[in-house]
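# A structural walkthrough
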Amino acid sequence: MTVANNELEKVIIQSVMEELAKKGLLSHKGKDQVMAAAMMDTPLVPNTESEEMVTFPPQEEMQISNPFNADAVKAMKKLTPARIGIGRAGTRPKTMSLLRFLADHAVAQDAVFLDVSEEFLRRMNLMSVQSAATSKDEFLQRPDLGRRLSEEAVKIVSEKCEKNVQVQILIVDGLSSTAIEANIPDLLPALIQGLKSAGIKVGAPFFVKNGRVWVQDHVASIVNSEVIISLIGERPGLGTAESLSAYMIYRPNENTVEADRTVISNIHKGGIPPAEAGAHLTDVIQQILAAKASGVKLNQQK
Amino acid sequence: MPESTNQRITSVGIDIGTTTTQLVISQLTIENTASGTLVPRVEITDKEVIHRSRIYFTPLLDRDLINAVEVSKIVETEYMAAGLTPEMIDTGAVIITGETAKKENAKAIIDALAGFAGDFVVATAGANLEAIYAGKGSGAALYSAQRHQVTVNIDVGGGTSNYAMFHEGKAVDSSCLNVGGHLIEFERQGDRITYISEPAETALKHRGQRLQVGERVTLPQLRPIVKAMAGCVVDVLKTSVHTELTKELLMTPPLQLAHPIRKVMISGGVADYVYALNGPMTMAEVTAFGDFGPLLGWELKVCLERDGFVLEKPEETVRATVIGTGTQSVNLSGSTIHLQENTLPIRNVMVISPFTSLIPETPQSIAEVIKKEILRLQVDRFEGIVAIAMKGPRTMSFANIDILAQGLLLGMHDYLCKAKPLILVVEADCGKVLGQCINASVNKPLEVICIDQLEVDNCDYIDIGKPLMGGRVVPVVLKTLVFNR
Ligand code: B12
């Protein structure tokens, strides 16, 4: 859309811009800027100052023009954050739906590519170490590197962490740093309070950057805890980028398989509220300690 | 730690109405539908009526007094017919409805039934609650949720018409009108009047018509008065500006009519005549049961259709209330809750909701609000146990939940000194962590029952049953629902 070669195209661009401006989706300044670029056949340089934020209508707003039963649409929309009842423009999505889709996609990308901030780690008083993956790109391309600690991290963990505790808590960015910042402030204190009230000995929690689930096995081999629990950012979706999982395992070793882990997923404000999850995880950990098993082996004992 | 994923409870519902007394026994299946290692989600997954009693005429000592001993004999006979003993009943409710509820019968019945009621049976009366049970039993509640259409159920019994409006399965409005099929009594299949009730007299007066006990009436004489009563029933659905007669017959505030009505269902004794193809043609047909029920049913249908209401057939008619009572009176708490107790089950827990708006910011100000409410309701003079109900903490943050815990302990300090349990009912999903916070900050043994995901806004008392599913959930019966406050 940057270069308009003929009159017809210019007319089309103009009417589209007018329409967007009329609907309040484009500021007048923005419209003029696009028009000027189109008229002069110059590439459009986005001017962040002249761009205004688009605010989305609330998710529950009725998007279908003539619903047969509006109550039904409302009730169904209430049940799911999925993109239902969003209407259509001919065979295509409405402008708002498309923009929301793009925005949610951007949020998901940010969750994966951004780092958990230093400020956050300081505020939560979390020691930070890194996996063997040295950058986000490497982390994404080489899952195996995210599954073990860097050499430096091995040293730090063996020096600083208390050994032979009952429970070691890890906070791992995984695939969503956003999930960590959104949930840990409420989950961690609830979990620690619960474990302490139950008289369980807990090592100081710490943070692993660029980590995957299996990194817990490596840490456990160093600290020799009975149970190790990773609070890890889930692969974000278009519904939420804030979802966190807790993966727990009882004494992992070289024969450990995925089925030996217990997972509680969907911890976020729209799923299991993080503070309530902390209290629930206390119960689960107590069960694991009592059964001396996690994952499928734990379920089989139930 | 073995724990079952599925548990069955047997629930009894007993409905003692103006004219009839019935009983149903149902089996409710409670299941953890989130299998594996997921966070549990315990739900009632199945409700099966395993025994329906005969429909008995309510045994009366005289016009006002129920024969409680006879009622208990009915219950005994029906338990036997179902092959059950009282010990096999886990929960349920007795509901004393209609005209009989007005009379002082409740106490006698509770006493007479004490031995039959299992561990968890409650006696409830009240037109609004009855209306809601009827609407749940008739299928109106489910219909409104499945079709997403606002549905009003009117349970038209011997003495009253009970309205319950359902929106997405939830009761949102209720009311009660003093119109029923038994307000004038006749010789069976005859035309001689044997009794005229007060509301019938009122209706006659408004129409300027005169009828007397002992008199014989013709169908054309009777029809206008029945039509007038049916008109009142429809009047409540149509408008909030009522005729004088409707006003006099209303026993509770009228329906608020906040939602446009899409469907109407009629349950109760006269319902079968609403859905019949033809109306009664002779006095003998009208008075087949010694009242004018068949004619009222028919006239009601005519009236509703004339005013453009769309009738839907209920799944249960005459047994709607009792089925609703037996299967719908039990609610389950959320599945992550905090229980540290040995007193359950507890009956008649008074619900107090001290927080009318957002929960204050500090423990001290939370405590003040609680203390004020305790003073206002004179809880200190109340011998029983209270539950504090609230929507949730100020925010769902751990900090706010902990502050709420501190505030509750401070505010309830004097009450807890009397060695009573701390019972909390929270709407938001935070029961477990709130209980944990409380537990972490008390240094002496304290019984804490902290349950969540239950709305108790509209009720005055609750009964909390024994924990089910390995302590995951508790059954809760909500009592005295009144919408029009
Ligand atoms: C991606 C994914 C997968 C991928 C993992 C691919 C990979 N190698 O990375 C695949 C397709 C293989 C997969 C398989 C399964 N998954 Co899966 N998966 C997810 C998903 C969408 C995201 C997980 C994530 O973000 N992890 C975080 C990143 C950083 O971890 P990671 O180290 O990169 O990857 C590891 C974990 O993802 C882990 N994992 C993935 N799924 C599961 C399931 C269980 C039970 C366990 C113990 C571990 C596990 O295996 C990966 C390799 O170590 C979640 C949804 C969610 N809301 O979390 C479901 C989810 C975790 N999976 C689930 C299930 C049930 C399974 C399966 C058991 C399905 C089946 N019936 O076969 C299998 C078992 C996998 C196993 N390894 O044993 C459920 C778990 C429910 C529960 N609490 O028990 C979830 C929550 C989806 C859901 N809502 O049902 N899964």
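All chains use their own residue numbering, which begins from 1 and follows the written sequence. Both sets of labels track the order of writing: A upward for chains, 1 upward for ligands. Local features in this predicted model are restricted to residues whose pLDDT is 70 or higher, and side-chain atom pairs enter the listing and the counts only when it is 80 or higher, whereas totals over whole chains, interfaces and linings include all residues. Only hydrogens and water are removed before side-chain values are computed, so all heavy atoms of the structure are retained for them.

### Examining the pattern of salt bridges
One speaks of a salt bridge when a side-chain nitrogen belonging to Lys or Arg is within 4 Å of a carboxyl oxygen belonging to Asp or Glu. Scanning the model with the defined rule gives 25 salt bridges over all chains in all. Among the salt bridges present, the one from R52 of chain B reaches E316 of chain B, with a minimum N-O distance of 3.0 Å. Linking R52 of chain B in strand β3 (residues 42–52) with E316 of chain B in the loop between α11 (293–306) and α12 (320–328), this pair joins segments that are 264 residues apart in sequence. Only protein chains enter the accessibility calculation, which uses a 1.4 Å probe; a residue is then buried when its area is under 20% of its type maximum, exposed when over 50%, and partly exposed in between. Of the residues examined, R52 of chain B reaches a relative accessible area of 39% and is grouped as partly exposed. Salt bridges here are not isolated pairs; linked through shared partners, they connect D115, K136, D173 and K209 of chain A. The helix count covers DSSP runs of H or I at least four residues long, the strand count covers runs of E at least two residues long, and both are numbered beginning at the N terminus.

### As for the interface of chain A and chain B
You'll often see interface size given as the accessible area lost when the parts meet. Here, residues are in contact when the closest pair of their heavy atoms is within 4.5 Å. Listed by partner, the interface residues are 26 residues for chain A and 31 residues for chain B. A salt bridge links K432 of chain B to D283 of chain A; its shortest N-O distance comes to 2.7 Å. Pairing of N or O atoms within 3.5 Å defines a polar contact, subject to two protein rules: one partner must be a possible hydrogen donor and the other a possible acceptor, and residues neighboring in sequence count only if both atoms are side-chain atoms. Our count for the chain A to chain B interface comes out at nine residue pairs in polar contact (both at pLDDT 80 or more). Counting residues per element, the ones that place at least two in the side of chain A that touches chain B are α3 (70–79), α9 (177–197), β6 (262–267) and α11 (274–291) of chain A. Split into classes, the residues belonging to the side of chain A that touches chain B amount to eleven nonpolar, ten polar and five charged. As a working rule, the residues Ala, Val, Leu, Ile, Met, Phe, Trp, Tyr, Cys and Pro are called nonpolar, Asp, Glu, Lys and Arg charged, and the rest polar, with Gly in that last group.

### Some thoughts on the site of the ligand
Nearness is defined per residue: one heavy atom within 4 Å of the molecule or strand is enough. Every one of the 18 residues lining the ligand counts as a neighbour, but R212, V213, E234, R235 and E258 of chain A are closest to it. Neighbouring residues of the ligand are distributed over chains A and B. In this structure, V213 of chain A approaches the ligand through a main-chain N or O atom, which is 2.8 Å from an oxygen atom. For the shell around the ligand, the secondary structure elements donating two or more residues are β4 (227–233), β5 (244–250) and β6 of chain A.

### Considering the sheet that holds strand β9 (residues 170–177) of chain B
Residue and element names in this part refer to chain B. Being paired, for any two strands, means DSSP has found at least two bridges between them. In space, the four strands of this open sheet follow the order β9-β8-β7-β12, with mixed pairing throughout. Taken across any chain shown, the strands that pair with only one partner, and hence form the sheet edges, are β9 and β12 (263–267). Averaged over all pairs of adjacent strands, the angle between strand axes in this sheet comes to 20 degrees, irrespective of strand direction. Summarising the sheet, strand β8 (residues 161–167) and β9 pair through seven bridges and their orientation is antiparallel. Among the inter-strand pairings, N162 is bridged to a residue of β9, identified as C176. Running at roughly 60 degrees to β8, helix α4 (residues 127–138) makes contact with β7 (151–156), β8, β9 and β12 of the sheet. Lines fitted to C-alpha atoms define the axes here, with helix axes fitted over just the stretch in contact, and angles between the N-to-C directions of these axes take values from 0 to 180 degrees.

### Description of a nonpolar patch on the surface
Here the term patch refers to residues with relative accessible area over 30% and no salt bridge, with like charges joined within 9 Å and nonpolar side chains (Val, Leu, Ile, Met, Phe, Trp, Tyr) within 5 Å. For every accessible area listed, the method is Shrake-Rupley and the probe measures 1.4 Å; residues are considered covered only by the protein chains on display. A cluster of nonpolar residues, L8, I12 and V16 of chain A, forms a patch on the protein surface that exposes about 270 Å² of accessible area. With relative accessibility at 39%, the residue V16 of chain A sits in the partly exposed group.

### Considerations on the domain arrangement of chain A
By the assigned domains, chain A splits into domain 1 (1–47) and domain 2 (118–301). Taken over C-alpha atoms, the centre of domain 1 of chain A sits 50 Å from the centre of domain 2 of chain A. Residue ranges for the domains originate in an automatic or database domain assignment.

### Observations concerning the domain arrangement of chain B
Partitioning chain B into structural domains gives domain 1 (6–125), domain 2 (130–319) and domain 3 (333–478). Here the C-alpha centroids of domain 2 of chain B and domain 3 of chain B sit 41 Å apart.

### Notes on the pairing of strand β11 (residues 193–196) of chain B
Consecutive side chains of a regular strand alternate in pointing toward one face of the sheet and then the other. All names here are of chain B. Relative to β11, strand β10 (residues 184–186) runs antiparallel, the two being bridged by three bridges. Bridge pairing in β11 links E185 to Y195. Counting the residues between successive antiparallel strands, the hairpin from β10 to β11 contains six residues, one of them, Q189, with a positive phi of roughly 55 degrees.

### A few points about the pairing of β12 of chain B
All names here are of chain B. β12 sits mainly inside the fold: five of its five residues count as buried. Burial along β12 is two-sided: K263, M265 and S267 facing one way and V264 and I266 facing the other are all buried. As judged from the five bridges shared by β7 and β12, these two strands associate in the parallel manner. Its bridge partner being in β12, V152 is matched across the sheet by V264.

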